[in-house]
Amino acid sequence: MPGFFPEYGVFIRRTTMRIRFSEQKKGVIAVAGHAGSGHCHSHKQYLQEDSGGLATVLALFQEATGLSLTIKEIRVSPGIQGTITVETVSGGIGFCAPRRGVTVHEARLAKNLEGRDAIRTQTLVMEAFGRFYGQGIHETPVALQTAIANAAVDSFIKNYPGQFIHATEDIDHCCGKIAGAIFDFGDIPVAVLATVNATPDGTGPVEDMEGNAAIGAKKRVMEALGMCAVPTIEVEGKVYSPAYSDTAEAPYFMIRADREDDNPVVAEALVAGGKKIGCPVVFRDDVMKRVAGGLEDGVKALGDAIIAAGRELKEARYSQHKIAALAKLARLISEDGAGISFMSDRLHEVIGGTGIMPGMGAVMNYIVPKSYRDAYIFPFLTEDDIMRYTALVKAGVVALNAVLPQAVEHLHRYAYQGDIETMVLFPPK
C-alpha cells in the first residue's frame with residue numbers, strides 16, 4: 001500500500017521485505033546511521049535534522065525486534081549541578097549533565113516528552129524547546145537529546161545482549177553509545193550500526209566517530225560485525241542547504257559519493273533502488289572529494305571573522321553598535337561554528353564531512369526546498385519521513401547486493417591504508 005504525504009503529494013511504494021536477526025556473524029553489506037547531539041547548523045546557511053541517520057537505524061532495529069522505545073520517565077535534577085536521565089519502558093538509560101545546569105523551567109519542558117517515542121531525537125527536543133543550538137550555546141536541550149539518544153540505543157543493548165555488539169565513544173570528552181547487530185534483509189545479511197556522537201556536558205558534538213569511521217571502541221564494534229571491509233550505506237539527516245535546496249520544488253533524497261574517494265557502485269545502487277520504489281533520488285558525484293587542509297582553512301576563516309567582529313565590539317561605544325557586534329558573534333558561533341567544530345582537521349581530510357572511510361560507501365540525505373525552510377526554518381523529521389528513509393535503505397540493500405562484486409572491487413582498490421586513530425584526541429593515559 002503506498003504511503004501518501006499530503007504536504008507534497010508524493011507517493012512511495014512500501015516494500016514487503018521483512019528484517020530479522022541473522023544467524024550469520026558478519027554482514028556482506030553495512031548500514032550506518034548517527035545522531036550528532038546539537039549539530040543543527042553548519043556554515044553557509046546549512047540547516048539540518050542530524051538525527052535522521054540514527055532514527056532510520058533505530059526504526060530498522062525496532063522492526064526486527066518489536067521493542068518499544070517509548071520514554072517512560074525523564075528524571076531532571078534542577079540546579080547549577082543539574083542532570084538529565086532518560087529511561088525508556090524497555091529499560092534503556094541515558095544521562096547527561098548540562099555545563100550550566102538546568103533551570104526548573106527547562107525541567108518542566110523536558111518532562112513534556114515523557115510518553116513519546118525516542119526515535120526522532122532532535123525533532124523531539126525541538127518540539128519541547130522550539131529550537132536549539134550546539135557549540136555551548138544551548139546546553140540543556142543538547143543534553144536532553146544526548147540522554148534520549150543514548151537511552152534509545154541502550155534499550156537494544158539491554159534487551160538483546162546476545163545480538164548487539166556495543167561500546168561507548170572512547171575519544172576525549174565524548175559519551176555517545178554505539179551498537180550494532182547483523183540482520184537479514186530478506187536473505188541478505190547486513191551489519192546495521194547506530195552511533196550517538198555527544199559530549200557529557202551538552203557542548204558538542206564531536207563527530208570524529210560518525211559514519212563508519214573505524215576508530216577506537218567503534219572500530220572494535222565494526223570489526224566484530226564485519227563492517228571494516230564491506231560496502232556501506234551511510235544514512236544522514238534531513239537538510240536545507242542553499243547549494244542543493246534553492247533550485248528544488250519538492251523534497252528529494254540526494255546520494256553523494258566521489259567516484260574515487262567513496263564508492264559510486266553503492267551510490268548507483270541507491271539510485272536504482274529509489275527508482276524501483278518511486279522515490280525521488282539524485283546522485284551527486286562532484287561534492288565529496290577530500291580536500292587537503294579544507295577544514296583547517298574553514299577554521300581559520302571563521303576565526304578571522306570572529307576576530308573582525310571582536311574588533312567591531314572593541315571599538316563600539318554606543319549600545320546599538322555593541323549589540324550588533326555581539327549579535328554577529330553569536331550567529332557566527334551558534335551557526336557557522338558547527339561547520340568547523342564537529343570533526344578534527346586531519347581526520348576530515350580522510351573521511352570527509354560525513355565520516356565515510358575511503359572507497360567504502362555513499363551517503364544519503366533528505367533534502368528540503370527553500371519553501372520548506374521559509375515556512376518552518378528548521379528541518380524536522382516526521383514518521384512518514386522515517387518510512388521513506390527505511391524504504392530507500394531496504395531497496396538500496398537489494399540493489400547493492402545485485403552488484404556486490406563490483407562494489408567490493410572498488411572498495412579494495414581505494415581503501416585507506418593509513419592509521420586514522422592518530423588523527424583524533426583520546427583521553428590522556
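The structure presented is a predicted model; accordingly, all values stated were derived computationally and were not measured.

### Observations concerning the overall build of the protein chain
Of regular secondary structure, the protein chain possesses 14 helices and 15 strands. Its C-alpha atoms give the protein chain a radius of gyration of 21 Å, within 12% of the compact-globule value 22 Å for 429 residues. Taking the principal axes of its C-alpha atoms as reference, the protein chain extends roughly 70 × 55 × 45 Å. Across the 429 residues in the protein chain, those meeting the buried criterion constitute 58%. Contacts in the protein chain between residues far apart in sequence, at least 24 positions, make up 75% of those at least 6 positions apart.

### What to know about the sheet that holds strand E7 (residues 83–88)
Here we have three strands laid out as an open sheet, ordered E6-E7-E8, and antiparallel in their pairing. One side of each edge strand has no neighbouring strand; the edge strands of this open sheet are strand E6 (71–77) and strand E8 (93–96). Averaged over all neighbouring strand pairs, the angle between strand axes comes to 10 degrees, with direction disregarded. Examined bridge by bridge, E7 and E8 share four bridges and lie antiparallel to one another. The residue bridging Ile84 from the neighbouring strand is Cys96, located in E8.

### Some points on the packing of aromatic side chains
In the structure shown here, the tally under the stated rule is 16 aromatic pairs. Ring-pair connections join several aromatic residues into one group, and the members of that group are Phe21, Phe61, Phe156, Tyr160, Phe164 and Phe183. For Lys238, the ring lying beneath its charged end belongs to Phe380, and the centroid distance is 5.6 Å.

### Remarks on the pairing of strand E13 (residues 252–256)
Along a regular strand, successive side chains alternate from one face of the sheet to the other. Counting buried residues along E13, five of its five residues qualify, which places the element largely inside the surrounding structure. Side chains Tyr252, Met254 and Arg256 project from E13 onto one buried face, and the interleaved Phe253 and Ile255 project onto a second face that is buried too. Across four bridges, the pairing between E13 and strand E14 (residues 281–284) is parallel. Bridge assignment links Arg256 to a residue of E14, and that residue is Arg284. Between E13 and its parallel partner E14, the chain crosses via helix H7 (residues 264–276), and the hand of that crossover is right-handed.

### Regarding the nonpolar core
Counting 89 residues, the largest nonpolar core has Leu144, Phe185 and Met364 as its most contacted members. The greatest single-element share of this core, amounting to eleven residues, is contributed by helix H4 (residues 139–159). Discounting chain neighbours no more than four positions away, the residues touching Met364 are Ile233, Glu234, Val235, Glu236, Phe253, Met254, Ile255, Leu270, Tyr389, Leu392 and Val393.

### Regarding the packing of helix H1 (residues 52–65) against H4
Following both chains from N to C, one finds H1 and H4 inclined at 30 degrees, their axes separated by 11 Å at the closest point. If you check the angle between H1 and H4, you find them roughly parallel. Taken as a pair, H1 and H4 cross one another with a handedness that is left-handed. Across the interface between the two elements, Leu54, Leu58, Phe61, Gln62 and Thr65 of H1 pack against Ala149, Ala152, Val153 and Phe156 of H4. Class assignment for the residues of the contact of H1 with H4 results in seven nonpolar, two polar and no charged.

### What to know about the side chain of Thr354
You can see Thr354 is positioned in the loop between helix H11 (345–351) and strand E15 (361–367). With residues up to four places along the chain from it excluded, the contact list for Thr354 reads Glu210, Gly211, Glu234, Glu236, Arg256, Met288 and Val363.

### Considerations on the pattern of salt bridges
Applying the stated criterion to the full structure yields 26 salt bridges. The salt bridge partner of Arg75 is Glu87, with a shortest N-O separation of 2.9 Å. Of this pair, Arg75 sits in strand E6 while Glu87 sits in strand E7; the two residues are twelve residues apart in sequence, bridging distant segments of the chain. Look at Glu87 and you get buried, because its relative accessible area is 17%. Between Arg99 and Glu139 there is a salt bridge, with its nearest N and O atoms 2.6 Å apart. Within this pair, whereas Arg99 is found in the loop between E8 and helix H2 (104–111), its partner Glu139 is found in helix H4, the two being separated by 40 residues in sequence. Linked by salt bridges that have partners in common, Asp258, Glu260, Asp261 and Lys289 make up one network.

### A few points about the packing of helix H3 (residues 121–129) against H4
Two numbers describe how H3 lies on H4: the axes approach to 9 Å, and their chain directions differ by 140 degrees. It follows that H3 is oblique to H4 by the angle criterion. Here the hand of the crossing between H3 and H4 comes out right-handed. Residue-level contacts link Thr121, Gln122, Leu124, Val125 and Phe129 of H3 to Thr140, Pro141, Leu144, Gln145, Ile148 and Ala149 of H4. When its residues are assigned to classes, the contact of H3 with H4 shows seven nonpolar, four polar and no charged.

About the criteria used
- Residues numbered from 1 in each chain as written.
- Predicted model: local features only at pLDDT ≥ 70, side-chain atom pairs only at ≥ 80, totals over all residues.
- Heavy atoms only, no water.
- Helix = DSSP H or I, 4+ residues; strand = E, 2+ residues; numbered from the N terminus.
- Rg over C-alpha atoms; globule rule 2.2 N^0.38 Å.
- Buried < 20%, exposed > 50% of the residue type's maximum accessible area, 1.4 Å probe, protein only.
- Contact = heavy atoms within 4.5 Å.
- Pairing = 2+ DSSP bridges.
- Axes fitted to C-alpha atoms, helices over the stretch in contact; angles between N-to-C directions.
- Phe/Tyr/Trp six-rings, centres within 6.5 Å; stacked < 30°, edge-to-face > 60°.
- Lys NZ or Arg CZ within 6 Å of the ring centre and 35° of its normal.
- Right-handed = clockwise from strand over helix to strand, strands pointing away.
- Core = buried A, V, L, I, M, F, W, Y, C linked by side-chain atoms within 4.5 Å.
- Parallel < 35°, antiparallel > 145°, perpendicular 65-115°, else oblique.
- Left-handed = near helix turned anticlockwise from the far one by under 90°.
- Nonpolar A, V, L, I, M, F, W, Y, C, P; charged D, E, K, R; others polar.
- Salt bridge = Lys/Arg side-chain N within 4 Å of Asp/Glu carboxyl O.

Shape is all these values report; function is a separate question.
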